[in-house]
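Here is how the chains run, residue by residue.
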Amino acid sequence: MNITGKAWRFGDNVDTDIIIPARYLNTSDPKELAKHCMEGIKPGFTELVKEGDIIVAGRNFGCGSSREHAPLAIKAAGIQVVVAKSFARIFYRNAFNIGLPIIESEEVVDATEEGDTLKIDLDKGEVINLTKNLVFTIQPLPDFMKELITDGGLIPHLAKKGGY
Amino acid sequence: MGMTITEKILAAHADLDMVKPGQLIKARVDMALANDITAPLAIKAFKSAGGEKVFAQDKISLVLDHFTPNKDIPSAIQCQEVRKFAYEQDIINFYDVGSVGIEHVLLPEQGLVLPGDVVIGADSHTCTYGALGAFSTGVGSTDLGAVMLTGEIWLKVPPSIKLVYKGSLPKWITGKDLILYTIGDLGVEGALYKAMEFCGETISQLSMDARFTMANMAIEAGAKNGIFAPDEKTEAYVQPRAKRTYQIYRSDPDAEYLFTREYDVSTLEPQVALPHSPDNVRGVSEVGEIKIDQVVIGSCTNGRLEDLRLAASILKGKKIAKGVRCIVIPGTQQVYLDALKEGIIETFIEAGAAVSTPTCGPCLGGHMGVLAPGEKAVSTTNRNFIGRMGHSQSEVYLTSPAVAAASAIAGKIVGPEEVN
């Protein structure tokens, strides 16, 4: 799996109320949710994001609520991967379960500025910052996780395979 | 090598003699729950995975507590979907307007969660039931959908950290102050992926309501679960409520902990978490002059009878300050009724507070008290993230019911000593 996109930088402890405020949780339609993604700290984020862009954030990304609407909103906004120094545990499970790949890497985050173009190879376990010409090694995803992402999340994957 | 209470419960539910931190297990679930926001997605996941019948009608709780009584048409449609599923599947523990309470106040009150249980909920504050000596944690809707289908969940056994509380509780110091102080010390990711085990001589002085408050906010330090060893108070709470057998677990003396922290509570003053993070904690005397527009007393953190009693004891015979809106939300119908019989509701209304039917309401900026730009609220809830209670330029200060009530009278953030 190869991903190339422009980085949007965020800090530490980006919580689920920032990712998608609860007042919009009267629906679970991803497109509706995407309209309000990150509006508390980056108003207009959804209009600025291009399909295929990447979120690069600090520690404890996705802390707070268990709402699966958070990774759904990010994915529907066009973001194809989130790279962070660490993730809150419920968000971590939710992201994979709905088919949004996430990567934990201190080095990649420290070296990335907003607007940098990143090329991510999930098979090889490599991140290249094309803007700065830097190469990083990351933990490659195991095959079943890659399949899960490709199938669009846990449920479509289980429906297709009848198990993991 | 000994095991912690968390490890013992998980081992028992995976049919293993012992488990170690980091081990992946498949655990049986005693109670699975979802609310009006998370259930629609979980039902969708359940059906998409080919689900026809839930694993057990009596081991699922569906609680319509967040945006109810419905605030708008989309929320009404969400509840309609859950209601339809609950009737279709004969879900026994289905709570709708009239019987509904805030899920984490309601389930223990109804005896649906018990010591030694594994409880999985599509709500991050599911960790509340650790107060009973259960393993309980929050997950997303897809995971919950899979639990409704299989009755099982895969989990990684968390390492435990030991939090030891020493000394006698000073007047006005509550479970909320202890947990805010702890989160202030550990930070919002200080317990990430870990089990927080609450121990020490002070615990025996804490009521069950106070323990629920503390376990409830374990997630605010990033924890997977928070847990107390059951004692006489737990037994006294559980026995009249339980409709099935339960198991008491306690940590072994040689159990392993990642680290231990000791807190002397005897010198603690009431605590306040300032915007915009639950770990931005200071003593009330260090907060400075902060004028407020709204006070919220309620939520899965502090909407129990003891919380309302404490707030009412301060508000009795006094008036809410001009320009302050004080909203009181009993956690369940039972709490509401008990408060009514004790004259507590009368006290609130005479003081000039608005009393609402049980709902999560303003805690997550849903309804029943959403903030305008620039407004400041003191709230007994659990999160004060940007935009949590309304506009992104509003502010939330988290406190105990005592500080909330005192602040409602003063019109600014003060400790209870200043109005009594």
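Residues numbered from 1 in each chain as written. Chains lettered and ligands numbered in written order. Predicted model: local features only at pLDDT ≥ 70, side-chain atom pairs only at ≥ 80, totals over all residues. Heavy atoms only, no water.

Chemist: What is the right way to read the overall build of chain B from this model?
Modeler: When its secondary structure is counted, chain B shows 13 helices and 18 strands. Each principal axis of the C-alpha distribution contributes one length, and for chain B these read about 60 × 50 × 40 Å. Within chain B, buried positions represent 64% of all 420 residues. Across chain B, every contact between residues at least 6 apart in sequence was considered, and the portion connecting residues at least 24 apart equals 76%. When the accessible area of chain B is evaluated, it comes to approximately 14300 Å², of which 51% is carbon and sulfur surface. Across chain B, the mean location of the 39 positive side-chain charges is 2 Å away from that of the 49 negative side-chain charges. (Helix = DSSP H or I, 4+ residues; strand = E, 2+ residues; numbered from the N terminus. Buried < 20%, exposed > 50% of the residue type's maximum accessible area, 1.4 Å probe, protein only. Contact = heavy atoms within 4.5 Å. Areas by Shrake-Rupley, 256 points an atom, 1.4 Å probe, with all protein chains shown as cover. Lys, Arg positive; Asp, Glu negative; His and termini not counted. Charge placed at Lys NZ, Arg CZ, Asp CG, Glu CD.)

Chemist: Please clarify how the environment of Glu417 of chain B should be interpreted in this entry.
Modeler: Residue and element names in this part refer to chain B. The topology assignment puts Glu417 in the segment after helix H13 (401-410). The spatial distance from the C-alpha of Glu417 to the C-alpha of Asp185 is 25 Å, given a sequence separation of 232 residues. Engagement of the side chain of Glu417 in a polar contact is seen with the side chain of Trp172, the distance being 3.3 Å. (Polar contact = N/O pair within 3.5 Å; in protein donor to acceptor, adjacent residues only side chain to side chain.)

Chemist: Honestly, the side chain of Asn35 of chain B in this entry has me stumped. Any pointers?
Modeler: Residues and elements named next belong to chain B. Tracing the chain through its elements places Asn35 in strand S2 (residues 31-35). One polar contact links the side chain of Asn35 to the main-chain amide nitrogen of Ile37, over a distance of 2.9 Å. The contact partners of Asn35, leaving out residues within four places of it in the chain, are Pro40, Val63, Asp65, His66, Glu103, Ala122 and Asp123.

Chemist: Quick question: what am I supposed to make of the packing of aromatic side chains here?
Modeler: How two aromatic rings sit relative to each other is given by the distance of their centres and the angle of their planes. Scanning the entire structure with this criterion turns up 14 aromatic pairs over all chains. Ring centres 5.6 Å apart and planes at 80° place the aromatic pair Trp8 of chain A and Phe45 of chain A in the edge-to-face group. One end of the pair, Trp8 of chain A, is in strand S1 (residues 2-9); the other, Phe45 of chain A, is in helix H3 (residues 45-48), with 37 residues separating them in the sequence. A connected cluster of aromatic rings, assembled from ring pairs, spans Phe61, Phe87, Phe91, Tyr92 and Phe96 of chain A. When the ring centre of Trp172 of chain B is taken as origin, the NZ or CZ atom of Lys171 of chain B, which lies over that ring, is 4.3 Å away. Geometry around Tyr237 of chain B places Arg241 of chain B over its ring, the cationic atom sitting 3.8 Å from the centre. (Phe/Tyr/Trp six-rings, centres within 6.5 Å; stacked < 30°, edge-to-face > 60°. Lys NZ or Arg CZ within 6 Å of the ring centre and 35° of its normal.)

Chemist: Which parts of the structure should I look at to understand the pairing of strand S8 (residues 160-166) of chain B?
Modeler: If a strand is regular, its side chains alternate between the two faces of the sheet. Residues and elements named next belong to chain B. Most of S8 is tucked away: five of the seven residues are buried. Of the strand pairs in this sheet, S8 and strand S9 (residues 195-199) are connected by five bridges, and their pairing is parallel. Looking at the pairing, Leu163 lines up with Phe198 of S9. Traced from S8 through helix H6 (residues 175-186) to S9, the parallel crossover comes out right-handed. Across five bridges, the pairing between S8 and strand S11 (residues 260-264) is parallel. Note that in S11 the partner of Leu163 across the bridge is Arg261. (Pairing = 2+ DSSP bridges. Right-handed = clockwise from strand over helix to strand, strands pointing away.)

Chemist: What exactly am I supposed to notice about the pattern of salt bridges here?
Modeler: A side chain of one charge can pair with a side chain of the opposite charge when the charged atoms of the two come close. Under the criterion given, the structure shown has 31 salt bridges over all chains. Taking the shortest distance from any N to any O, the salt bridge between Lys35 of chain A and Glu32 of chain A comes out at 2.8 Å. Among the residues examined, Lys35 of chain A registers a relative accessible area of 48% and is labelled partly exposed. With a relative accessible area of 34%, Glu32 of chain A lands in the partly exposed category. Among the charged side chains, a network of salt bridges with common partners joins Asp17 and Arg67 of chain A together with Arg388 of chain B. (Salt bridge = Lys/Arg side-chain N within 4 Å of Asp/Glu carboxyl O.)

Chemist: Is there a simple way to think about the sheet that holds strand S4 (residues 102-104) of chain A in this case?
Modeler: What links the strands of a sheet is backbone hydrogen bonding, and the strands pair in either a parallel or an antiparallel sense. All names here are of chain A. Overall, mixed pairing links the seven strands, which are arranged S4-S3-S2-S1-S5-S6-S7 in an open sheet. One side of each edge strand has no neighbouring strand; the edge strands of this open sheet are S4 and strand S7 (134-137). Between one strand axis and the next, the sheet turns through 25° on average, direction left out of account. In this sheet, S7 lies alongside strand S6 (residues 126-129) in antiparallel orientation, the contact comprising four bridges. Across the sheet, residue Glu126 finds its bridge partner in S7, namely Thr137. (Axes fitted to C-alpha atoms, helices over the stretch in contact; angles between N-to-C directions.)

Chemist: Whenever I open this one, the confidence of the model for chain B confuses me. Can you help?
Modeler: Model confidence for chain B is summarised by a mean pLDDT of 97, while 100% of its residues fall at 70 or above. The ipTM for the predicted assembly is 0.90, set against a pTM of 0.96. (pLDDT = per-residue confidence, 0-100.)

Chemist: Even after reading the chapter, I still don't get helix H1 (residues 5-13) of chain B, so can you show me in this structure?
Modeler: Each α-helix winds once per 3.6 residues, and so residues spaced three or four apart point in a common direction. Across the nine residues that make up H1 of chain B, a large majority, eight, are buried. Turning to H1 of chain B, its buried residues number three or more, namely Ile5, Thr6, Glu7, Lys8, Ile9, Leu10, Ala11 and His13 of chain B.

Chemist: What am I meant to see in the domain arrangement of chain B here?
Modeler: Residue and element names in this part refer to chain B. Considered domain by domain, chain B is made up of domain 1 (5-262) and domain 2 (272-418). Each of domain 1 and domain 2 has a C-alpha centre, and the two are 24 Å apart. Counting from both sides, the interface comprises 38 residues of domain 1 and, opposite them, 40 residues of domain 2. Considering only the side of domain 1, the residues that lose the most area to domain 2 are Ile102, Trp172 and Lys176, jointly responsible for 23% of the buried surface there. Our count for the contact surface shared by domain 1 and domain 2 stands at one salt bridge. Close ionic contact of Glu220 with Arg383 constitutes a salt bridge, the shortest N to O distance being 2.5 Å. In this assembly, domain 1 and domain 2 are joined by 25 residue pairs in polar contact (both at pLDDT 80 or more). (Domains from an automatic or database assignment. Buried area = accessible area lost by both parts, 1.4 Å probe.)

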